[in-house]
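Spelled out from the first residue to the last, the chains are:
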Amino acid sequence: MMDIRFAVTCNKNETRFLEKQAKDWARQLQVAYQPRYENGSLDAMLQDFRLDALLIASKKGPQIYTREGMLFYHPGLGKVRWQRVVQRHETDNFLTALDVKNGQRVLDCTVGLAADALLASYAVGKTGQVTGLEASLPLWFMTSRGVKVYRGSIPALAEDLHRIEILHAEADAYLHTLPRDSYDVVYFDPMFRRPVKKSSEMTPLRPLAYSEPLAPKSVELALTVAPRVVIKERSVEILEEYGCTEFVGSKYSAVRFGIRKR
């Protein structure tokens, strides 16, 4: 598993309930609870306790602070894309590459904030299954709770989020546990070799994300679990290294989806 050094705290002047909740989270995650500094910053806490991140119990739910900024659960661009597909009946390159139908099963090996998993959940419907894997313990904690309690102003979008199951696991370890054809599609969205610098809303996530490059053996392993593997990257050349022979993208997007079939 990823070695992320983090502790749990809560906001200043919060209720006893939130303080108790923070302590409960710390026990559950087997990390330290650190009382919030009265006159010191979150950055000072990171430095003093030699931490990569702080998991914060707040009225808005779990939040994560890193030196890159504050992160809380939200569908983000996933909501915008969902609205384009569901309400405006537009196409989405990810769904085109996935090519799934109602009742099918999708394994998202790098779920992050579940933006892609949200669209997959819509595509497979109430009879389908979307499982997301997150190797980062604090990010898993935040996102797995976020998708279950999210309400928002669009009930159908919330329902699609609620159906996603998010597990704390690294992809290879989990794939090894699965029998052949457990899923219809396995999806990878690894950290890009060349980051998208303008993606500012994702900046606080980068210190928490699994940074190891996707290994070709992981793709081969995924092909035993599903007959179709989809990989997101910025370069067709990189996707070809993984054996992809079909590609989905557009001139308006910086990314491409590569497809590898058994």
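Everything below is about the structure shown above.
Residues numbered from 1 in each chain as written. Predicted model: local features only at pLDDT ≥ 70, side-chain atom pairs only at ≥ 80, totals over all residues. Heavy atoms only, no water.

Asker: Explain the sheet that holds strand β4 (residues 69–72) here, please?
Answerer: The pairing of strands in a sheet happens through backbone hydrogen bonds and is either parallel or antiparallel. Here we have 4 strands laid out as an open sheet, ordered β1-β2-β3-β4, and mixed in their pairing. Of all strands in the sheet, those bounded by a partner on one side alone are β1 (6–10) and β4. Within the sheet, the average angular offset between the axes of one strand and its neighbour, ignoring direction, is 25°. The sheet contact formed by β1 and strand β2 (residues 53–58) spans 5 bridges and is parallel. When the sheet's bridge partners are listed, T9 is paired in β2 with I56. (Pairing = 2+ DSSP bridges. Helix = DSSP H or I, 4+ residues; strand = E, 2+ residues; numbered from the N terminus. Axes fitted to C-alpha atoms, helices over the stretch in contact; angles between N-to-C directions.)

Asker: Please explain the environment of V230 as it appears in this structure.
Answerer: Following the sequence through the fold, V230 ends up in strand β9 (residues 228–233). Exposure remark for V230: the relative accessible area of 0% places this residue in the buried category. In the structure, V230 is positioned 31 residues away from K261 in sequence and 8.8 Å away in space, judged by C-alpha atoms. (Buried < 20%, exposed > 50% of the residue type's maximum accessible area, 1.4 Å probe, protein only.)

Asker: Would you mind showing me how to read the sheet that holds β9 here?
Answerer: Strand order in this open sheet of 7 strands is β7-β6-β5-β8-β9-β11-β10, and the pairing throughout is mixed. The two strands at the open ends of the sheet, each matched to only one other strand, are β7 (165–168) and β10 (246–248). Going from strand to strand, the sheet's axes swing by 20° on average, the running direction of each strand aside. Contacting β6 (129–134) and β7, helix α6 (residues 137–149) runs over the sheet at an angle of about 165° to β7. (Contact = heavy atoms within 4.5 Å.)

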